[in-house]
Amino acid sequence: MLSTRLINQGGFSLYPGGYRSHDLVGLYASFFIIEAKDEGLSIPSQLWDATEKFVEDRAYNSTTPLERGMAVYLQTRMGKTSSIQATKWVQDFGQPSGN
């Protein structure tokens, strides 16, 4: 199902066959792909590779704190070192508040 929403530039569209990526939707979909893989489900390599690429790109290039923070978290879940992206998040957006 998620494979039908994967677009060429990375990320996921809201609808099957869509052409425009929606970053927050893509990150949310990526979360479930990671969860499925962690539970031992088979993830097609094309889908996994595109998910890794998308999450890494969003960890470096997202313009909102929520999306970049979620991408950094997902990279960590994928076993990638994300300290550089976390540092960049703080530089770009400031320290998170404890509220």
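Coordinates for the structure precede this section.
Notes on the structure in this doc start here. (Residues numbered from 1 in each chain as written. Predicted model: local features only at pLDDT ≥ 70, side-chain atom pairs only at ≥ 80, totals over all residues. Heavy atoms only, no water.)

Thoughts on the nonpolar core
Ranked by size, the top nonpolar core spans 18 residues in total, and within it Phe12, Leu27, Ile33, Ile43, Leu47, Trp48 and Val55 carry the most contacts. At the level of secondary structure, the elements contributing two or more residues to this core comprise helix 1 (23-38), helix 2 (45-61) and helix 3 (65-77). Counting residues per element, this core draws most heavily on helix 2, which supplies 6 residues. (Core = buried A, V, L, I, M, F, W, Y, C linked by side-chain atoms within 4.5 Å. Buried < 20%, exposed > 50% of the residue type's maximum accessible area, 1.4 Å probe, protein only. Helix = DSSP H or I, 4+ residues; strand = E, 2+ residues; numbered from the N terminus.)

Some words on helix 1
Here helix 1 contains 16 residues, and its C-alpha end-to-end distance of 22 Å stays within 8% of the 22 Å for a straight helix at 1.5 Å per residue. For helix 1, the full list of buried residues reads Gly26, Leu27, Ala29, Ser30, Ile33, Ile34 and Ala36. Summarising the contacts, the buried residues of helix 1 are in contact with helix 2 and helix 3. Of the residues flanking the end of helix 1, it is Gly40, one or two places downstream, whose phi is positive at about 90 degrees. (Expected span 1.5 Å × (residues − 1). Contact = heavy atoms within 4.5 Å.)

In short, geometric facts, not functional conclusions.
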